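# Geometric and topological summary
The lines below spell out each chain.
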Amino acid sequence: MIPKWVVKDVQPLDDYKLLVTFVHGEQKIYDMAPLLEYPVFKPLSNTVFFKSAHTDGCTVVWNDEIDIDPESLYNEGISI
């Protein structure tokens with residue numbers, strides 16, 4: 001069985017938010033803004049780079065160095 005938190009699609013939104021679609025069709029909004037203070041996520045403060053978010057088939061990634069835990073996206077995201 002595929003875990004409910006596997007990311008199927010992501011759409012970067014304004015204000016450092018992500019619209020995340022999970023493999024079973026559930027959608028949530030995740031706010032990345034609070035994470036921008038952490039060094040690993042600091043490059044995402046560049047909006048062009050932030051908007052390059054995509055899925056690797058499991059979670060949201062930006063490059064080989066920046067990704068986010070899919071369970072956090074699911075558990076902390078706001079259902080829509």
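Up top is the structure.
Residues numbered from 1 in each chain as written. Predicted model: local features only at pLDDT ≥ 70, side-chain atom pairs only at ≥ 80, totals over all residues. Heavy atoms only, no water.

### Details of the side chain of Thr-59
Filter applied, for reference: A run of DSSP states H or I qualifies as a helix once it reaches four residues; a run of E qualifies as a strand once it reaches two. Both are numbered from the N-terminal end. Only protein chains enter the area calculation, which uses a 1.4 Å probe; residues under 20% of their type maximum are buried, those over 50% are exposed, and those in between are partly exposed. A contact between two residues is defined here by any heavy atoms of the two lying within 4.5 Å.
One can find Thr-59 in the loop between β4 (54-55) and β5 (60-61). Exposure remark for Thr-59: the relative accessible area of 5% places this residue in the buried category. Once residues within four sequence positions are removed from consideration, Thr-59 is found in contact with Val-7, His-54, Asp-67, Ile-68, Asp-69, Pro-70 and Leu-73.

### Examining the pattern of salt bridges
The test is simple: Definition used for salt bridges: Asp or Glu carboxyl oxygen within 4 Å of a side-chain nitrogen of Lys or Arg.
Counted under the stated rule, the structure contains two salt bridges. The residue Lys-51 makes a salt bridge to Asp-14 at a minimum N-O spacing of 3.2 Å. Of this pair, Lys-51 sits in the loop between α1 (47-50) and β4 while Asp-14 sits in the loop between β1 (7-12) and β2 (17-22); the two residues are 37 residues apart in sequence, bridging distant segments of the chain. Owing to a relative accessible area of 41%, Lys-51 belongs among the partly exposed residues under this scheme. Residue classification places Asp-14 among the exposed positions, given a relative accessible area of 57%. Taking the shortest distance from any N to any O, the salt bridge between Glu-26 and Lys-28 comes out at 3.9 Å. On the basis of relative accessible area, Glu-26 is assigned to the partly exposed category, the value being 31%.

### A few points about a negative patch on the surface
To be explicit about the condition: Only residues above 30% relative accessible area that lack a salt bridge enter a patch, with like-charged residues linked at up to 9 Å and the nonpolar side chains Val, Leu, Ile, Met, Phe, Trp and Tyr linked at up to 5 Å. Reported accessibility uses the Shrake-Rupley method at a 1.4 Å probe radius. Residues are deemed covered only where the shown protein chains occlude them. When charges are counted, Lys and Arg are positive and Asp and Glu negative, with His and the chain ends excluded. For the purpose of locating charges, the reference atoms are NZ of Lys, CZ of Arg, CG of Asp and CD of Glu.
A contiguous patch of negative charge, built from Asp-56, Asp-67, Asp-69, Glu-71 and Glu-76, is present on the exposed surface. Judged by its relative accessible area of 48%, Asp-56 falls in the partly exposed class.

### Thoughts on the nonpolar core
What counts, and what does not: Side-chain atoms within 4.5 Å link the members of a nonpolar core, which is a set of buried Ala, Val, Leu, Ile, Met, Phe, Trp, Tyr and Cys residues.
In this structure, Leu-18, Met-32, Leu-44, Val-60, Trp-62, Ile-68 and Leu-73 are the most contacted members of the largest nonpolar core, which totals 20 residues. Where this core is concerned, the elements lending two or more residues are β1, β2 and α2 (70-76). Per-element tally for this core: the top contributor is β2, with three residues. With residues up to four places along the chain from it excluded, the contact list for Trp-62 reads Leu-18, Met-32, Leu-44, Phe-49, Phe-50, Ser-52, Ala-53, His-54, Asp-67 and Ile-68.

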